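Okay, here's what each chain looks like letter by letter:
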Amino acid sequence: MSDAATTLGGTPPAAVTARQRILDAAYDLFSRHGVRAVGIDRLIEHSGVAKATLYRNFASKDDLVLEFLRLREERWTKNWLAREVERRADDAEQRLLTVFDVLHDWFQRDDFEGCAFVNVLLETRDHSSRVYEASAGHLETVRSFLAALAQEAGSERPCELARRWHILMKGSIVAAQEGDRDAAVAARRIGELVLAGDRTSRST
């Protein structure tokens, strides 16, 4: 996933610390294989550090997963999705629709791995755990980004519009994981209808 790491703001190769090697290994493995399937021994092998070094930097696997999720939000949500949407469109409504254009391009990549936040959420059986709550919190960050766009677009119910938009996003991501690489195109068409309905509700 080196190409994806570069696209999503990966770590430069120079002066990489042991902690960063562990994080880079976790980011790669957790993104591609999920959290439950990747054990400590595989993380140690992939990062090239000793077990004692891993536990010196992260007291438990959960602590490492939490840092992975934080890093995923920084790289995927903020440094990639939000920036790419803002780069491609100036108008708020168009930015909302551009979300699906960005997702479509992502779905065509050989290293497309799906939404890490949803994947971790589904893998976590204990809904009161730190990992579950963190995954839900990072998804809320995505909705907050969408709500800000919806408010800028003039929606009278930006949070509700953001919720609908996020449902379309998550649905298209799951469909793409199933093999429908054009799912974001269909989601964009539905999004156009949602926006039209939102505009209509403002004028009545």
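Quick notes on the rules
Residues numbered from 1 in each chain as written. Predicted model: local features only at pLDDT ≥ 70, side-chain atom pairs only at ≥ 80, totals over all residues. Heavy atoms only, no water. Disulfide = S-S within 2.5 Å. Buried < 20%, exposed > 50% of the residue type's maximum accessible area, 1.4 Å probe, protein only. Patch = residues over 30% accessible without salt bridge, like charges linked within 9 Å, V, L, I, M, F, W, Y side chains within 5 Å. Areas by Shrake-Rupley, 256 points an atom, 1.4 Å probe, with all protein chains shown as cover. Salt bridge = Lys/Arg side-chain N within 4 Å of Asp/Glu carboxyl O. Lys, Arg positive; Asp, Glu negative; His and termini not counted. Charge placed at Lys NZ, Arg CZ, Asp CG, Glu CD. Helix = DSSP H or I, 4+ residues; strand = E, 2+ residues; numbered from the N terminus. Axes fitted to C-alpha atoms, helices over the stretch in contact; angles between N-to-C directions. Parallel < 35°, antiparallel > 145°, perpendicular 65-115°, else oblique. Contact = heavy atoms within 4.5 Å. Nonpolar A, V, L, I, M, F, W, Y, C, P; charged D, E, K, R; others polar. Expected span 1.5 Å × (residues − 1). Bend = angle between axes of the 7 residues up to and from the residue. Polar contact = N/O pair within 3.5 Å; in protein donor to acceptor, adjacent residues only side chain to side chain. Phe/Tyr/Trp six-rings, centres within 6.5 Å; stacked < 30°, edge-to-face > 60°. Lys NZ or Arg CZ within 6 Å of the ring centre and 35° of its normal.

Turning next to the state of the cysteines. The final tally for this structure, using the stated rule, is zero disulfides. Here C115 is not disulfide-linked; the sulfur of C159 is the nearest cysteine sulfur, at 19 Å. By relative accessible area, which is 7% here, C115 ends up buried. Classification of C159 as exposed rests on a relative accessible area of 60%.

A few words now on a negative patch on the surface. A cluster of acidic side chains, namely E86, D90, D91 and E152, defines a negative patch on the protein surface. Looking at the secondary structure, you find E152 in helix α8 (residues 130-152).

Our next topic: the packing of helix α6 (residues 92-107) against helix α10 (residues 183-203). In contact at an axis separation of 9 Å, α6 and α10 are set at 170° when each is read in the N-to-C sense. Here α6 is positioned roughly antiparallel relative to α10, judged by the angle of their axes. Counted together, E93, Q94, L96, L97, F100, D101, L103, H104 and F107 of α6 and A184, V185, A187, R188, G191, E192, L195, R199 and R202 of α10 form the full contact between these two elements. Split into classes, the residues belonging to the contact of α6 with α10 amount to nine nonpolar, three polar and six charged.

Further remarks concern helix α5 (residues 61-88). Taking 1.5 Å as the rise per residue, α5 with 28 residues should run 40 Å; its terminal C-alpha atoms sit 38 Å apart, in good agreement. The largest bend in α5 amounts to roughly 25° and is located at E73.

With that settled, the discussion passes to the side chain of T124. Within the element layout of this structure, T124 appears in the loop between α7 (116-123) and α8. On the accessibility criterion, T124 (14% relative accessible area) is buried. At 2.7 Å, the side chain of T124 forms a polar contact with the backbone oxygen of V120. Residues within four places of T124 in sequence aside, it is in contact with S129, V131 and Y132.

A few words now on the packing of aromatic side chains. The tally for this structure, following the rule as stated, stands at nine aromatic pairs. Both rings, one in Y27 and one in F68, keep their centres 5.7 Å apart while their planes meet at 70°; by these two values the pair is edge-to-face. On the criterion of sequence distance, the pair formed by Y27 in helix α2 (residues 18-33) and F68 in helix α5 is long-range, its members being 41 residues apart. F68 matches Y27 in its accessibility class, with the two residues each being buried. A connected cluster of aromatic rings, assembled from ring pairs, spans W76, W80, W106, F107 and F112. Positioned over the ring face of Y27 is R75, at 4.3 Å from the centre of the ring.

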